Amino acid sequence: MTWPLPEPMLTVAVDSPELPAGWAAEPKWDGFRAAVSTDAGTVVLRSRRGTQMGPAFPEIVAGTSQLPDQTALDGELIVWDWEQGRLSFEQLQNRLRRRGAAAARAADRWPAQFVAFDLLRLSGTDITGWPYMRRRAALEELFVTRALSAPWVLCPSTTDPATTHEWLTWGSVRIEGVVFKRLSDPYRSTVRGWRKYKTRETTEAVVGAVTGPLTTPSTLLLGRYDTAGHLQYVGRTTTLTRVTAAATTALLTPAASGHPWTGWTFSAGWGSRQQLEVTLVTPDLVVEVAVDVARDVGGRWRHPARFHRTRPELRPGDVPRHS
């Protein structure tokens, strides 16, 4: 009988990148949160939502031979794109759908790594009740004593604020931000005991459509022109406040015929099959938004953009090109 993996410890978003006293920081990777356990040759590789991912990542399953029996880790599955010099969420996502020989070929072409940031069980001992500081020491010792190598990677951890700020400059390689963990806390399933700060950049986009009535829009659908002059969809804002919606609607015009998005459908969110009901508008209003580093294969923002302000003094041609 295999040991039941606990539900994951959860994070809550915070607005400050400052590392609190009595806490440690770790980089936030652009990958899949995962837990892995091995019991007498039986391996479970599970996503945060409980999806069994072992068949898609045979190199991770095979790599558990390096671990002591009856051991479980919490971490992040990542794929590194050596040509681009960054993490590739797109290739990681593509790998999730593959099985059998196709999964083996993908593992050769785009090998995944398991970035371990917590130790939940060690040689049959459940250590989730230990404080983070003690679990972290045991995790580091595990990597040393077992000389763990690929696919295993030890996630960095620090109590130094300067190091934390340095990690926040790594956005070009798709480090999303940092996670803060209290040194004295045990591992508590489903509890939002960790804090997450995401790196965001301020940029511009063109409003091409809205959800909700045009008189009081709920969210804005954003676009950017590509080098061929086509308006490409890049993402959607978070829900607007009433004040922001009222100020924005005065600058929006219902779309005339020939809108570049006529006939398009838009997903309610990354990975969702739900389609949005939208109202197209003349794509001439530029807005300033804050976005994080997460992109999909089409270059769209995976997470909603935070609306900052309208930029009526800018023209659509002033907005960065979609690439």
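Residues numbered from 1 in each chain as written. Predicted model: local features only at pLDDT ≥ 70, side-chain atom pairs only at ≥ 80, totals over all residues. Heavy atoms only, no water.

Counting its secondary structure elements, the protein chain contains 6 helices and 16 strands. Going through the 323 residues of the protein chain one by one, you find that 48% of them count as buried. Approximately 15400 Å² of the protein chain is accessible, and the part contributed by carbon and sulfur atoms is 52%. A gap of 4 Å separates the mean positions of the 38 positive and 32 negative side-chain charges of the protein chain. (Helix = DSSP H or I, 4+ residues; strand = E, 2+ residues; numbered from the N terminus. Buried < 20%, exposed > 50% of the residue type's maximum accessible area, 1.4 Å probe, protein only. Areas by Shrake-Rupley, 256 points an atom, 1.4 Å probe, with all protein chains shown as cover. Lys, Arg positive; Asp, Glu negative; His and termini not counted. Charge placed at Lys NZ, Arg CZ, Asp CG, Glu CD.)

Here the focus is the sheet that holds strand S1 (residues 10–13). Backbone-to-backbone hydrogen bonds join strands into a sheet, with any given pair of strands oriented parallel or antiparallel. The strand order across the open sheet formed by 4 strands is S1-S11-S10-S2, and the pairing between neighbours is mixed. Across the chains shown, the open sheet's two edge strands, defined by having one partner strand only, are S1 and strand S2 (23–29). Strand-to-strand twist of the sheet, defined as the mean angle between neighbouring strand axes without regard to direction, takes the value 35°. Across 7 bridges, the pairing between S2 and strand S10 (residues 175–182) is antiparallel. Along S10, the bridge assignment pairs Ala-24 with Lys-181. Taken strand by strand, helix H4 (residues 132–145) contacts S2, S10 and strand S11 (192–198), and its axis lies near 55° from that of S2. (Pairing = 2+ DSSP bridges. Axes fitted to C-alpha atoms, helices over the stretch in contact; angles between N-to-C directions. Contact = heavy atoms within 4.5 Å.)

With that settled, consider unusual backbone geometry. Between Ala-150 and the following residue, Pro-151, the backbone shows a cis peptide bond with an omega angle of 15°. Within the secondary structure, Pro-151 sits in the loop between H4 and strand S9 (152–154). Backbone geometry places Ala-40, a non-glycine residue, at a positive phi of 50°. Residue placement: Ala-40 occurs in the loop between strand S3 (32–39) and strand S4 (42–47). On the accessibility criterion, Ala-40 (70% relative accessible area) is exposed.

Glancing now at the pairing of strand S12 (residues 200–211). Counting buried positions along S12 gives 9 out of 12 residues, so the element sits mostly inside the fold. In the sheet, S12 pairs with strand S15 (residues 278–292) via 11 bridges, with the strands oriented antiparallel. Within the sheet, the bridge partner assigned to Thr-203 lies in S15 and is Val-289. In this structure, S12 lies alongside strand S13 (residues 219–225), joined through 5 bridges in antiparallel fashion. Residue pairing for S13: Thr-211 is matched across the bridge by Thr-219.

To continue, consider the nonpolar core. Ranked by size, the top nonpolar core spans 26 residues in total, and within it Leu-45, Phe-57, Ile-60, Leu-73, Leu-77, Phe-114 and Trp-152 carry the most contacts. Of all elements in the fold, only S3, strand S5 (71–81), helix H2 (89–96), strand S7 (112–122) and H4 reach the threshold of two or more residues within this core. For Ile-60, the residues in contact, after removing those within four places along its chain, are Leu-45, Leu-77, Ala-112, Gln-113, Phe-114, Pro-151 and Trp-152. (Core = buried A, V, L, I, M, F, W, Y, C linked by side-chain atoms within 4.5 Å.)

The residue Glu-76 is located in strand S5 in this model. On the accessibility criterion, Glu-76 (5% relative accessible area) is buried. For Glu-76, the side chain forms a polar contact with the main-chain nitrogen of Gly-31, separated by 3.4 Å. Sequence-distant contacts of Glu-76, defined by excluding residues within four places in its chain, comprise Lys-28, Trp-29, Gly-31, Phe-32, Arg-33, Gln-113, Phe-114, Val-115 and Phe-117. (Polar contact = N/O pair within 3.5 Å; in protein donor to acceptor, adjacent residues only side chain to side chain.)

Here we take up the pattern of salt bridges. Enumeration according to the criterion identifies 20 salt bridges in this entry. Between Glu-176 and Lys-28 there is a salt bridge, and its shortest N-O distance comes to 2.9 Å. In this pair, Glu-176 is assigned in strand S10 and Lys-28 in strand S2, connecting sequence segments 148 residues apart. Just as Glu-176 is buried, Lys-28 falls in that class too. Its salt-bridge partner being Glu-176, residue Arg-302 comes within 3.8 Å of it at the nearest N-O pair. (Salt bridge = Lys/Arg side-chain N within 4 Å of Asp/Glu carboxyl O.)

With respect to the helices and strands, Pro-17 occurs in the loop between S1 and S2. Remark: the alpha-carbon pair of Pro-17 and Leu-139, spanning 122 residues in sequence, is separated by 25 Å.

Throughout the structure, instances matching the rule amount to 11 aromatic pairs. Ring centres of Trp-261 and Trp-264 lie 5.9 Å apart, and the angle between their planes is 25°; this geometry places the pair in the stacked category. You can call Trp-261 buried: its relative accessible area is 1%. Through successive ring pairs, a cluster of aromatic residues spans Tyr-233, Trp-261, Trp-264 and Phe-266. (Phe/Tyr/Trp six-rings, centres within 6.5 Å; stacked < 30°, edge-to-face > 60°.)

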